[in-house]
Amino acid sequence: MSDSKLDVFDERLESLEKRVFGDFDKDADYPKESPEVLDSLCSINTQINSATAGRPQIEAVFKRLGELDEYLDTDAVDHLTVSLSANMDLILAEEDVIREHASTLEQIEQMCDVLGSEHIKAVPSLQTQLYELSTVHIQQQVTGQLINWPN
């Protein structure tokens, strides 16, 4: 890396340290002789990985930790729960559709006797007869077109 990139990186690091530590002396609380934070994190990560290796249930839990974080987030709880007034507004907004569905269901209920009749129940057994009649009809249309075809 060039010196200018290192200088920019150092400036960014100093501004980040100032945001994290504020006016406190970071060297007093975190002396340079202590192990580096990154080394500690890598060591802990290695220990966790070796402890959980070969255990599929724990690996499955680790894969779903992001989902758990979402559910534990207080903002997510607000999205998951809807207030009573919001539910009422939603129902009132869809009132016309709900009433239309209710009237359609009432019509179907009234037609239940017709829909359950023997004539309707016999429809599947008439399928082969319908297929044969359709074939004859198509053949008659084709022959009718051939007869009416101009010479």
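Just above, that's the structure.
Residues numbered from 1 in each chain as written. Predicted model: local features only at pLDDT ≥ 70, side-chain atom pairs only at ≥ 80, totals over all residues. Heavy atoms only, no water.

A. Highlighting the overall build of the protein chain. Assigned secondary structure in the protein chain consists of 11 helices and 0 strands. In the protein chain, the succession of helices and strands from N to C terminus is α-α-α-α-α-α-α-α-α-α-α. Expressed as a percentage of its 151 residues, the buried residues of the protein chain come to 2%. Surface exposure of the protein chain reaches about 14500 Å², of which carbon and sulfur atoms provide 59%. (Helix = DSSP H or I, 4+ residues; strand = E, 2+ residues; numbered from the N terminus. Buried < 20%, exposed > 50% of the residue type's maximum accessible area, 1.4 Å probe, protein only. Areas by Shrake-Rupley, 256 points an atom, 1.4 Å probe, with all protein chains shown as cover.)

B. Seen up close, a nonpolar patch on the surface. A contiguous nonpolar patch, built from Ile44, Ile48, Ile58, Val61, Phe62, Leu65, Leu68 and Leu72 and spanning about 680 Å² of accessible area, is present on the exposed surface. Every element with two or more residues in the nonpolar patch is listed here: helix H3 (37-52), helix H4 (56-63) and helix H5 (65-72). Structurally, Leu72 is set in helix H5. (Patch = residues over 30% accessible without salt bridge, like charges linked within 9 Å, V, L, I, M, F, W, Y side chains within 5 Å. Salt bridge = Lys/Arg side-chain N within 4 Å of Asp/Glu carboxyl O.)

C. Geometry of helix H11 (residues 127-148). Helix length check: H11 (22 residues) gives 31 Å between terminal C-alpha atoms against 32 Å at 1.5 Å per residue, within 8%. Of all 22 residues that make up H11, 0 are buried, and the element is exposed over most of its length. (Expected span 1.5 Å × (residues − 1).)

D. Expanded view of the pattern of salt bridges. By the definition in use, this model includes 2 salt bridges. Between Arg64 and Glu67 there is a salt bridge, and its shortest N-O distance comes to 2.9 Å. The exposed category is assigned to Arg64, whose relative accessible area is 52%. For Glu67, a relative accessible area of 31% translates into the label partly exposed.

E. Geometry of a negative patch on the surface. Negative charge collects at one region of the surface, where Asp3, Asp7, Asp10, Glu11 and Glu14 lie side by side. Within the fold, Asp7 resides in helix H1 (residues 3-21). (Lys, Arg positive; Asp, Glu negative; His and termini not counted. Charge placed at Lys NZ, Arg CZ, Asp CG, Glu CD.)

F. View of the side chain of Thr52. In this fold, Thr52 is placed in helix H3. Residue classification places Thr52 among the buried positions, given a relative accessible area of 11%. With sequence-adjacent residues up to four places away left out, Thr52 is seen in contact with Ile58, Glu59 and Phe62. (Contact = heavy atoms within 4.5 Å.)

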